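Here is what each chain is made of, one letter per residue.
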Amino acid sequence: MHSPSPCSRSLRCHFVLAAPVAFALAACSAYDRQLENSSEFESELGSSSESSGDDSSSSSSAASSSDSGSDDSGGACESECSEGASECGDGGVVHCVDDDGDGCFAWGEATPCGDGELCDAGACVMPAAAGFSPPAVWAVPEGGTASGGFKSPLGVPEGVGDDFWVLMDIDGDAIQDLVVTGRAVTKQGYPWFPRTMGYPNAPYWEVYYGEGDGFAGKPQPWPVPSDGRKDHGLVTPEGDPLIVGDAFWSLRDLNGDQRPDLVITGRAKDNGGEWIGRAMGYPNTPYWEVYVNEGDGFAAAPTHWMLPPGGPDMSGFFAPAGDPGVLGDPKWETRDLDDDGYPDLVITGKALAENDDGLMVRALGSLETPYWEIYRGGPGGFAAAPEAWTIPMGGYKGLGFAVTESKPAAVGDDCWRLRDLNGDGLDDLIVTARATEILGDEWRGKVPGYPASPHWVVHYNKGDGFARTASMWGVPDGGLAGQGFTDVDREGLAVGDQTWTTRDIDGDGDLELVVTAQWDENQTLFCRGQVLGFADGAPRWDVFELGEGGFADEPWRLPVPDIGLQACGLRALAGQPVDEEDHAWITTRLDPDGYLDVVVTGVGVGDPVVPEVLGFEDAPHWQIFRGAP
């Protein structure tokens with residue numbers, strides 16, 4: 001598999017070759033100032049000698065040594081590397097040489113790699129062949145909607161007889177299945193009424209198992225409990241109550257067996273003419289009900305997943321994630337922060353004030369020493385008592401990292417995400433930019449160090465908190481014009497912008513930065529950028545591999561199918577038709593080979609344009625372009 005170790009030994013990439021450069025907590029003020037003076041910010045970062053993150057050095061074909069030779073004056077010298085060694089640096093290969101013949105070996109000047117080559121493990125190589133295979137038919141059953149069939153990875157009814165469906169791996173075999181969770185039936189007073197099949201006596205979902213070249217022609221029943229919404233059942237994979245007595249439910253793998261379990265997290269309880277959510281057993285012994293996935297259905301009876309005390313007053317932790325309702329209530333989420341296979345319950349903040357816009361949630365602790373509380377998950381439930389999970393300063397201006405991820409809501413706020421950047425399985429806290437302008441739902445702000453040394457600010461996950469000292473994660477030039485790669489995924493907003501995402505695109509287990517489109521002059525407005533290479537008839541995505549402390553400065557080119565929107569091509573990882581004959585497509589791992597596949601699920605028809613499954617009239621199918629090594 002192509003997994004280069006690109007890099008630079010220059011100061012611009014000092015955070016790529018060496019272990020990431022960390023700075024002290026006092027440098028947070030420097031982060032504020034760097035948006036105005038990046039050179040000053042870089043100098044403050046560079047003065048720190050503390051390191052965090054991966055301590056490994058760049059790949060080399062021979063380890064450096066301390067072989068002795070003689071210097072020009074006849075005395076002994078210390079070689080900084082071994083004869084014949086090489087490593088990646090400055091866009092090429094750097095060799096260990098004895099330039100003046102005195103027996104002392106040192107790193108020489110970089111020899112640039114050839115056109116299209118990358119440096120990997122101290123040698124220039126062509127990227128391994130990667131791309132997508134020619135299209136193949138992926139069989140799809142009849143069903144979905146009467147107007148378009150199974151035209152997308154998930155859908156809802158449009159009329160009586162239509163299905164609710166979702167694409168998911170329900171049995172844990174690494175092949176995606178097509179799961180019908182409910183159907184529109186007739187009921188007096190309603191155009192159509194949603195109901196789970198067999199409800200209420202023997203409810204079930206219908207599963208068309210993935211078989212490697214398509215979905216099975218006939219569904220298998222998947223037993224589900226008689227729960228969810230009264231008169232409806234569990235019509236979707238997750239849902240909230242409509243009336244008193246209804247459940248909050250979702251699919252979550254709680255026991256780490258790679259199969260989603262059905263979890264009832266709470267119910268609607270009467271509260272003086274209205275209803276509120278409440279965990280079962282609250283307040284004395286709160287718990288969730290878990291119907292374990294048995295590989296061919298959910299268990300007939302639930303087990304209890306124990307909850308800690310706390311949560312909103314009168315409710316407890318009645319959902320996997322929630323917002324405060326009144327002052328003093330917590331903000332909480334569930335995610336596996338420590339990578340042990342069990343979800344953790346994480347309290348990220350509390351409602352400590354209120355203004356005209358509503359409750360203001362602030363991270364726990366003081367602004368100088370903030371933290372989250374984590375109730376670690378394990379067999380049977382969450383821990384009864386929390387542990388403090390350290391977080392750095394930053395996030396919302398004056399409120400801190402009050403949620404696990406967010407884009408800016410006001411000028412001065414950060415954009416931050418949780419992603420595993422160093423490949424240790426733990427999600428790191430990444431600050432990608434700070435807002436300097438809010439434009440409705442959009443925002444503007446520059447990547448730290450832009451334009452001289454663009455980078456993200458990373459606080460590595462240590463298993464018991466995020467490092468309060470920060471490291472620089474190099475990002476290449478590009479992204480939004482005049483701003484850079486301001487988020488981990490974003491669409492172009494104006495001419496000159498790119499569209500990009502961060503995904504493991506080539507199956508090597510590491511995140512890559514993938515640029516899919518460029519918005520140039522004279523392009524159709526609705527495209528917001530055409531796929532790279534569109535004008536040349538050679539569509540591609542540019543892939544910046546993950547290296548040590550940053551993404552590569554230069555991408556390798558991933559050819560992509562000539563499909564998608566007729567005016568724009570495959571401009572993103574997913575899309576819907578705009579004109580007739582445009583495609584509906586997704587990018588997902590449809591089969592178990594580990595590579596992302598491009599899947600065309602439908603084609604645009606009619607006026608107004610709507611998607612319709614390929615082969616709708618005679619032989620419904622999707623088209624799969626399998627990812628290839």
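What you see is a predicted model, and the numbers here were worked out from it, not measured in a lab. (Residues numbered from 1 in each chain as written. Predicted model: local features only at pLDDT ≥ 70, side-chain atom pairs only at ≥ 80, totals over all residues. Heavy atoms only, no water.)

A.B. asks: Mind showing me how you'd approach the overall build of the chain here?
C.D. replies: Assigned secondary structure in the chain consists of three helices and 44 strands. Relative to all contacts within the chain whose residues are 6 or more apart in sequence, the contacts with residues 24 or more apart total 50%. Within the structure as shown, the chain displays about 26300 Å² of accessible surface, and the carbon and sulfur contribution to it stands at 50%. (Helix = DSSP H or I, 4+ residues; strand = E, 2+ residues; numbered from the N terminus. Contact = heavy atoms within 4.5 Å. Areas by Shrake-Rupley, 256 points an atom, 1.4 Å probe, with all protein chains shown as cover.)

A.B. asks: Help me understand a negative patch on the surface in this model?
C.D. replies: On the surface, Asp90, Asp99, Asp100 and Glu109 cluster together into a negatively charged patch. Locating Asp90 in the fold gives a position in the loop between β4 (86-89) and β5 (92-97). (Patch = residues over 30% accessible without salt bridge, like charges linked within 9 Å, V, L, I, M, F, W, Y side chains within 5 Å. Salt bridge = Lys/Arg side-chain N within 4 Å of Asp/Glu carboxyl O. Lys, Arg positive; Asp, Glu negative; His and termini not counted. Charge placed at Lys NZ, Arg CZ, Asp CG, Glu CD.)

A.B. asks: Help me understand the side chain of Asp542, please; the structure alone is not making it clear to me.
C.D. replies: Tracing the chain through its elements places Asp542 in strand β38 (residues 540-544). Within the structure, the side chain of Asp542 is placed 2.8 Å from the side chain of Arg540, a separation counted as a polar contact. Apart from the residues within four sequence positions on either side, Asp542 is in contact with Leu513, Val514, Val515, Leu532, Pro555, Trp556 and Arg557. (Polar contact = N/O pair within 3.5 Å; in protein donor to acceptor, adjacent residues only side chain to side chain.)

A.B. asks: Help me understand the pairing of strand β35 (residues 498-503), please; the structure alone is not making it clear to me.
C.D. replies: Within a regular strand, the side chains alternate between the two sheet faces. With five of six residues buried, β35 lies mostly within the body of the structure. Bridge count for β35 against strand β36 (residues 512-518) is six bridges, and the pairing is antiparallel. Looking at β36, one finds that Thr501 is bridged to Val514. (Buried < 20%, exposed > 50% of the residue type's maximum accessible area, 1.4 Å probe, protein only. Pairing = 2+ DSSP bridges.)

A.B. asks: So what exactly am I meant to see when it comes to the pattern of salt bridges here?
C.D. replies: Side chains that carry opposite charge are capable of pairing whenever their charged atoms lie near each other. Overall, the coordinates contain 23 salt bridges when judged by the stated rule. Residue Arg183 pairs with Asp163 through a salt bridge whose shortest N-O separation is 2.6 Å. Note that Arg183 is positioned in strand β13 (residues 177-187) and Asp163 in strand β12 (residues 163-168), a separation of 20 residues in sequence. Here Asp323 and Lys331 are joined by a salt bridge, their closest N and O atoms 2.7 Å apart. Since its relative accessible area comes to 52%, Asp323 is described here as exposed. Through salt bridges with shared partners, a single ionic network connects Arg335, Glu405, Arg417, Arg419, Asp427, Asp487 and Asp489.

A.B. asks: What should I look at first to understand the state of the cysteines in this one?
C.D. replies: Covalently bonding the sulfur atom of one cysteine to the sulfur atom of another cysteine gives a disulfide. Per the counting criterion, the structure on display carries two disulfides. A sulfur-sulfur distance of 1.9 Å marks the disulfide that ties Cys81 to Cys96. The S-S bond linking Cys81 to Cys96 shows a torsion near 90°; that makes this disulfide right-handed. You can see Cys81 sitting in the loop between β3 (76-78) and β4 and its partner Cys96 sitting in strand β5, a full 15 residues away along the chain. As far as the burial class goes, Cys81 and Cys96 line up, both buried. One disulfide in the model links Cys527 with Cys568; its S-S distance is 1.6 Å. (Disulfide = S-S within 2.5 Å.)

A.B. asks: How should the pairing of strand β42 (residues 610-613) be read in this particular structure?
C.D. replies: Two elements, strand β41 (residues 597-605) and β42, share four bridges in a ladder whose sense is antiparallel. Within β42, the residue paired with Val605 across the bridge is Val610. Here β41 folds back onto β42, and the loop between the two strands holds four residues, one of which, Gly606, carries a positive phi near 80°.

A.B. asks: How should I be thinking about the sheet that holds β5 in this particular structure?
C.D. replies: What links the strands of a sheet is backbone hydrogen bonding, and the strands pair in either a parallel or an antiparallel sense. An order of β4-β5-β6 is seen for the three strands of this open sheet, with the pairing classed as antiparallel. Because the sheet does not close on itself, it has two edges, and the strands there are β4 and β6 (106-112). Between one strand axis and the next, the sheet turns through 35° on average, direction left out of account. The pairing of β4 with β5 spans four bridges and is antiparallel. Bridge pairing links Cys88 to Val93 in β5. (Axes fitted to C-alpha atoms, helices over the stretch in contact; angles between N-to-C directions.)

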